[in-house]
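Descriptive analysis of the structure
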Amino acid sequence: MKPLANAKQEGDSPSSEKAASNDGAPNGQQSNGSASHGNNQKDPSTLTPSRAKALKLKEKLSKAKYDLQLEKGMKRKLYQGLVKLASELKDAREECKVLKQQSERGDKNWYEGGMWRGPELLPGIRASARHRMATGEKIVPEKRSKDAVSLSDLFFDLVIVTAFTRVGVAIQDRGGLDGASLAYFCVFWLIWGKEASFSTRFDTTDLSSRVETLLTCFAVLFGSLSSTAMFDSGDATRMMIVAAFIALLHFFLHLRVWYWFRDVSQFSEMICVKQYAQYVMALTAMEFLTWMVGTISLSETSSLRAYIFLIAIILSFRVPRTFLPNDFHAACSKRGVLFILLLGFVLQSIVLVASPFFDYQMPSSEQYCFLGLVCFLLFCIKLLYVDDSFSVQPSDHALLVSRAAGFFFHIGQLCLLLSTTILGAGLNLLTHSYLAATASLPDNAKALVCNGFAGVVLSIGFIKSMHLRRVPLNPVHRQLFYAAYGTQVVVLIVVVYATHSISMNRFMAATMMNELEMLGTLCSLALFLLIISWLDEAVELNIYGEGDAREFRVHPFGLWTCLKPGSPEPPLISSTSRMSHLSTRLKDSNANLFDSQFNLPIYGSVRSTTSEDDEERVRLVKFSDQVDMNEIDEESMDVVV
């Protein structure tokens, strides 16, 4: 019994229990009181075989638990990766489905499915509506393989531009812009907007849509013949009748859409089509009633007719991104085609004014130079124009950033077209004055040309400022882009002020200018402004060369507070957001598979690496200089930029 008692006493001693606890703890998890393995532990050879076996079992059990936890964490990460992969595969399947629909739509004949068939959404619009309803986020449909502007749309644009030039004739005759000309121009532009809004959402190749387009062309053409009179005339009454007819036409057009989708479920993505049709029907009905009140109730001499035009024009505006998304790329193409056609009509009208002077004599070298400068000025304006399809990412476009930015973007487009029309009217007067060898330059011609040019460049600059720009996270590179944008703004203001001063004869040299000298001055200012407008592209090319600058230009930057992105995007300036939340390209990348598990105040991406011990760990890449490095373990940082 003595040996047994001695063994029990030796095994139950506190020092033995402490040594056993230290021996059984896993590697790296020993108690704080032990300084080393040799000082506070007894030699395992001095323990009994049963005690040594128990310690080995405890050690194996602890290691097994640790391995199970590690394997569980790896499986959890693998599961999250598989979930993200499944989501990406689902998105890819949807994109393939949309591309297949686009290909089938581009190859099929216009009469397939019936010449007089029901309304059909364009390929990609339904997928965008489904994604928006499910996540609340907006996406941009891919570009259609078929041309976004059909021949029917092009013919309608020609009719609209003809109406614009008729308003320009009224501006030319009166020597300036008045309320009637502005109202008529807005009516024609809003008619074009209604057609473009419908054709970028629904298929317009069926017979019913073509008949509707033809009737609209008739109405616009007839209305353009009455666009040179004031409000107190019968021509203004005919303009109200034309606008009321087109409003009623679009009411029935969307009534047909509502009837076709009236039985859709409240939980279906097609419910937005029904809601959009109801929204347009309500506005067009109120607009029609407003026009009819002005036509029937008010006499031609009534001073309230101007308010009728104002109320109806306000009702014709559409809030951007309401209920149903449109084909973004098709809408950009339509805006560009309309502007280019207007420039072409301006050049054609100038040639028509100059043609009678060349019927009996050959043009001189100075006259050739004059027409060449006119063409050069219009070409510079064309280069200054912003092509939304290529110069701006769809997610950074004003129409997709916020509704306020989209509204001001449409106002900028209206001002651009109106300023171009005024410029064309002034160039017609300038051409006639120069070729007729008038003793002095008419003041109205100088005012129209200079103010029209100032309005064009100011509208283009305003439209460019509406978009969201991306600057690098590197502070030095970011300052270069800020300097480029600031220089562009300053030069734009200087050019606008200079042209306005020329029209007001504030400079002594401006009073002595003839037609050729003034046109040469405007061409020089346009060329200088064009070179400065390429400054940000030059900075990008100098810094990144042939590389893809979009990988570095990820920080959003905008001049207007209405451009501040809403949910789910972060504010314009945020020191606590990650780059994956600032850039959709990094957010959707496979490198950020496990990004949702971390919430660190740094910019960077997250990736997994495998060490020699087969233990997966997370590594970070730091891009922000605003993070306190004392709060972050330097060993867990791969690269510090």
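Let me sum up the structure you'll find in this document. All figures in this text were calculated on a predicted structure; none of them were measured in a lab. (Residues numbered from 1 in each chain as written. Predicted model: local features only at pLDDT ≥ 70, side-chain atom pairs only at ≥ 80, totals over all residues. Heavy atoms only, no water.)

Topic: the pairing of strand S1 (residues 469-472)
The two faces of the sheet receive side chains in turn, since in a regular strand these alternate between them. Here S1 shows a buried face lined by Arg 469 and Val 471 and a second buried face lined by Arg 470 and Pro 472. Pairing of S1 with strand S2 (residues 553-557) involves four bridges; the strand directions are antiparallel. Within S2, the position partnered with Val 471 by the bridge is His 555. (Buried < 20%, exposed > 50% of the residue type's maximum accessible area, 1.4 Å probe, protein only. Helix = DSSP H or I, 4+ residues; strand = E, 2+ residues; numbered from the N terminus. Pairing = 2+ DSSP bridges.)

Digging into the packing of aromatic side chains
Inspection of the entire model under this criterion finds 13 aromatic pairs. On the numbers, 6.2 Å between centres and 10° between planes, the contact of Phe 218 with Phe 222 is stacked. With Phe 218 and Phe 222 both in helix H7 (residues 207-224), this residue pair falls four residues apart, about one helical turn. On the basis of relative accessible area, Phe 218 is assigned to the partly exposed category, the value being 39%. Where Phe 251 meets Phe 252, the ring centres are 5.6 Å apart and the plane angle is 80°; that geometry is what we call edge-to-face. (Phe/Tyr/Trp six-rings, centres within 6.5 Å; stacked < 30°, edge-to-face > 60°.)

Let's talk about the environment of Cys 186
Within the secondary structure layout, Cys 186 lies in helix H6 (residues 179-199). Residue Cys 186 is classed as buried on the basis of its relative accessible area of 11%. If near-sequence neighbours (up to four positions away) are discounted, Cys 186 is found in contact with Ile 313 and Leu 414. (Contact = heavy atoms within 4.5 Å.)

A short note on the environment of Gly 344
Looking at the secondary structure, you find Gly 344 in helix H11 (residues 328-354). Measuring from C-alpha to C-alpha, the distance between Gly 344 and Val 161 comes to 9.6 Å, with 183 residues separating the pair along the chain.

Comments concerning the packing of H6 against H7
Their axes nearest at 11 Å, the elements H6 and H7 cross at an angle of 175°. The angle between the axes of H6 and H7 places the two elements in the roughly antiparallel class. Contact with H6, carried on its side by Phe 188, Ile 191, Glu 195 and Phe 198, involves Ser 209, Glu 212, Thr 213, Thr 216, Val 220, Gly 223 and Ser 224 of H7 and no other residues of that element. The class makeup of the residues in the contact of H6 with H7 is four nonpolar, five polar and two charged. (Axes fitted to C-alpha atoms, helices over the stretch in contact; angles between N-to-C directions. Parallel < 35°, antiparallel > 145°, perpendicular 65-115°, else oblique. Nonpolar A, V, L, I, M, F, W, Y, C, P; charged D, E, K, R; others polar.)

Structural notes on the pattern of salt bridges
Taken as a whole and judged by the stated rule, the model has six salt bridges. With a shortest N-O distance of 2.8 Å, Lys 334 and Asp 153 are connected by a salt bridge. Of this pair, Lys 334 sits in helix H11 while Asp 153 sits in helix H5 (residues 151-174); the two residues are 181 residues apart in sequence, bridging distant segments of the chain. Looking at Lys 334, the relative accessible area reads 4%, which means it is buried. Judged by relative accessible area, which is 15%, Asp 153 ranks as buried. The closest approach of N and O atoms between Lys 194 and Glu 287, which form a salt bridge, is 2.9 Å. Of this pair, Lys 194 sits in helix H6 while Glu 287 is found in helix H9 (residues 271-297), placing the two residues 93 residues apart along the sequence. (Salt bridge = Lys/Arg side-chain N within 4 Å of Asp/Glu carboxyl O.)

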